[in-house]
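# Descriptive structure summary
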Amino acid sequence: MATTVTRRDERLLIGGEWVDATGGGRFDVTNPATGEIVGSTPDATADDVRAAIDAASDALEGWRGATALSRARLLRRSADLIRERAGEIGLIMTLEQGKPLPEAKGEVEYAASFMEWFAGEAERTYGQIVPPMNPANRVLVMRQAVGVAAAITPWNFPAAMMTRKLGPAMAAGCTSIVKPASATPLTAAAILRAIEDAGVPKGVVNLITSRSAGMVSRELFGDRRVRKISFTGSTEVGKELIRLSADQVKKLSLELGGHAPFVIFDDADIDDAVDQLIASKFRNAGQTCVCANRVYVQRGVYQQIVERLGQKVARLVVGNGLRDGVAIGPLIDDRAVDKADEHVQDAIARGARLVIGGERLTAGDLKGGNFYAPTVLDGVTDEMLIYREETFGPVAGLTPFDTEEQAIAYANDTVYGLAAYFHTRDYARLLRVAERLDYGIIGANTGIISAANAPFGGVKESGYGREGGAVGIDEYMTVKYVCVGGVGQ
Ligand code: SIN
């Protein structure tokens, strides 16, 4: 093992104070690689959520009234501190989430990049002066912070999905309440400690950890002071939040499930396509919303790709993310392992060929962890579960196709629309296919598309709103039109 493990017991952050939950409830955090308890965190009550909303609300006027430059400075300082602590935060992440330590440190860097990117955007929240229709008037358009915002963040990227929301919220002048997934609260606390140490005023960011996501949502959605909620998670929960948001017509951003197609045309650079497929499919053990989940390969290169992929996947080392050389960590919990296995067994029962993997791994030091072998399936068809549902695990199922038209139809045949990938060396085809794929994000000749400067988000049942990029800050701002009459010519 590369590093010493220390237990962490965290607290809530409310109005600049690190506090226990009222009533003193706590819950444990478990290492998915070993089943060991690695720390604990308060189990917040409804009173705690209300206190966090009070704190965010009290801090709002001061924060949105501060200059954009001063907010930008604090965002940059936060980015620097997050980066300085990449070793410590990465270790916490590996312990509670499972991803290999180098990948965890990479995520901390990714998390810092959102703070830095939005520091720049804070300085560019320009309004407009529009030529009036009535010559006696003047027409001003202002962009203003929407108000108190809440971020409900997932366990698969516990640092970066939080700063992807907090960065633009802070830049715009919003104050926030963060509710991380109950599996990964310790990383969230470590990031907020860095932001706090950067000198961000009390109450601008607040942390609520709780086992009751339903209770927290009801409090956030039921309070008129919370004007914006951003959620990353399943489509099923996202739909529930849309219903909850209706009562007070709250502004929502939703980054929901994906079921990404990865298309390889026979004119592609085959070696690169296989490497990019592995990078996309097996990142975070297949637990990303943008992971390749259906692989379509043109018939002329199909067998070659199946073979190469099988050979390369066989070399991926599975294990505790603290061990050097591990590429695939554990899945988040036992249910995730069950789901991956269900998809694999269903595909085999319906005629797919198992190229490699296809089993839980429990031998030696994998005992006690949630490990599943990186798997490749050949001959996946549309009646199989893996073809219809997001697996969220290290399983690649391949399907052959014949024509460009067919590849596009297969790729678009889903209710999801987050990310899609394809490989071709024909640049006319590249533009045609990119235009026709019904997705919010396209990776053309690459399997890694995530970056702070790009607008990330989906269409259809993958959600709405964009995070990152120049437009990411708009989700936390409202546009106000001011018509000044009687000015004259
Ligand atoms: C996600 O899986 O939700 C996001 C991953 C990323 O930002 O790359």
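Residues numbered from 1 in each chain as written. Predicted model: local features only at pLDDT ≥ 70, side-chain atom pairs only at ≥ 80, totals over all residues. Heavy atoms only, no water.

### Some remarks on the sheet that holds strand 19 (residues 395–401)
Ordered in space as 15-18-19-14-13-20-21, the seven strands form an open sheet in which the pairing is mixed. The open sheet terminates on both sides in strands that have one partner only, identified here as strand 15 (353–356) and strand 21 (441–444). For this sheet, the mean angle separating the axes of adjacent strands, direction not counted, is 25°. With four bridges joining them, strand 14 (residues 292–298) and strand 19 adopt parallel strand pairing. (Pairing = 2+ DSSP bridges. Helix = DSSP H or I, 4+ residues; strand = E, 2+ residues; numbered from the N terminus. Axes fitted to C-alpha atoms, helices over the stretch in contact; angles between N-to-C directions.)

### Comments concerning the environment of P154
The topology assignment puts P154 in the loop between strand 8 (148–152) and helix 5 (160–172). Judged by its relative accessible area of 10%, P154 falls in the buried class. On a C-alpha basis, the gap between P154 and V318 in space is 23 Å, while along the polypeptide they are 164 residues apart. Each residue touching P154, except ones within four places of it in the same chain, is listed here: M161, A181, T184 and T232. (Buried < 20%, exposed > 50% of the residue type's maximum accessible area, 1.4 Å probe, protein only. Contact = heavy atoms within 4.5 Å.)

### With respect to the domain arrangement of the protein chain
Assigned domains within the protein chain: domain 1 (8–256 + 463–476) and domain 2 (260–452). Computed from C-alpha atoms alone, the centre-to-centre distance between domain 1 and domain 2 is 30 Å. Summed over both sides, the interface between domain 1 and domain 2 buries roughly 2000 Å², with carbon and sulfur atoms accounting for 60% of that surface. Contact with domain 2 buries area across many residues of domain 1, yet P32, A33 and W155 alone supply 25% of it, more than any other trio. Counting across the domain 1 and domain 2 interface gives eight residue pairs in polar contact (both at pLDDT 80 or more). Tallied by class, the residues present in the side of domain 1 that touches domain 2 amount to 13 nonpolar, ten polar and five charged. (Domains from an automatic or database assignment. Buried area = accessible area lost by both parts, 1.4 Å probe. Polar contact = N/O pair within 3.5 Å; in protein donor to acceptor, adjacent residues only side chain to side chain. Nonpolar A, V, L, I, M, F, W, Y, C, P; charged D, E, K, R; others polar.)

### As for the packing of aromatic side chains
Two measures describe an aromatic ring pair: the distance that separates the ring centres and the angle between the ring planes. For the coordinates displayed, the defined rule picks out seven aromatic pairs. Note on Y110 and F114: the rings are 5.0 Å apart at their centroids and 50° apart in plane angle, and the pair reads as tilted. Pair noted here: Y110 and F114 are both in helix 4 (residues 101–122), with a separation of four residues, about one helical turn. Among the aromatic residues, ring-to-ring pairing joins F265, F401 and F422 into one connected group. Lying over the aromatic face of F456, R164 brings its terminal NZ or CZ to 3.8 Å of the ring centre. (Phe/Tyr/Trp six-rings, centres within 6.5 Å; stacked < 30°, edge-to-face > 60°. Lys NZ or Arg CZ within 6 Å of the ring centre and 35° of its normal.)

### Observations regarding the sheet that holds strand 5 (residues 37–42)
Taken in spatial order, the three strands of this open sheet run 1-5-4, and their pairing is mixed. Bordering the open sheet on either side are strand 1 (8–9) and strand 4 (26–30), each of which pairs with just one other strand. With two bridges connecting them, strand 1 and strand 5 associate as parallel partners. Directly across from R8, in strand 5, lies its bridge partner G39. Across the sheet, helix 3 (residues 86–97) is in contact with strand 1, strand 4 and strand 5; its angle to strand 4 comes to roughly 90°. In the packing of helix 6 (residues 185–197) onto the sheet, the strands contacted are strand 1, strand 4 and strand 5, and the crossing angle to strand 5 comes to about 65°.

### Let's talk about helix 11 (residues 334–349)
If you check helix 11, its first and last C-alpha atoms are 22 Å apart, about what 16 residues at 1.5 Å a residue would give, namely 22 Å. Within helix 11 the residues assigned to the buried category are A336, V337, A340, D341, H343, V344, D346 and A347. On its buried face, helix 11 sits against strand 15, strand 16 (360–361), strand 17 (371–372), strand 18 (375–378), helix 12 (385–388) and strand 19. Near the N-terminus of helix 11, the side chain that reaches the backbone nitrogen of R335, with its oxygen 3.3 Å away, is that of D333. At the C-terminal side of helix 11, G351 shows a positive phi close to 110°. (Expected span 1.5 Å × (residues − 1).)

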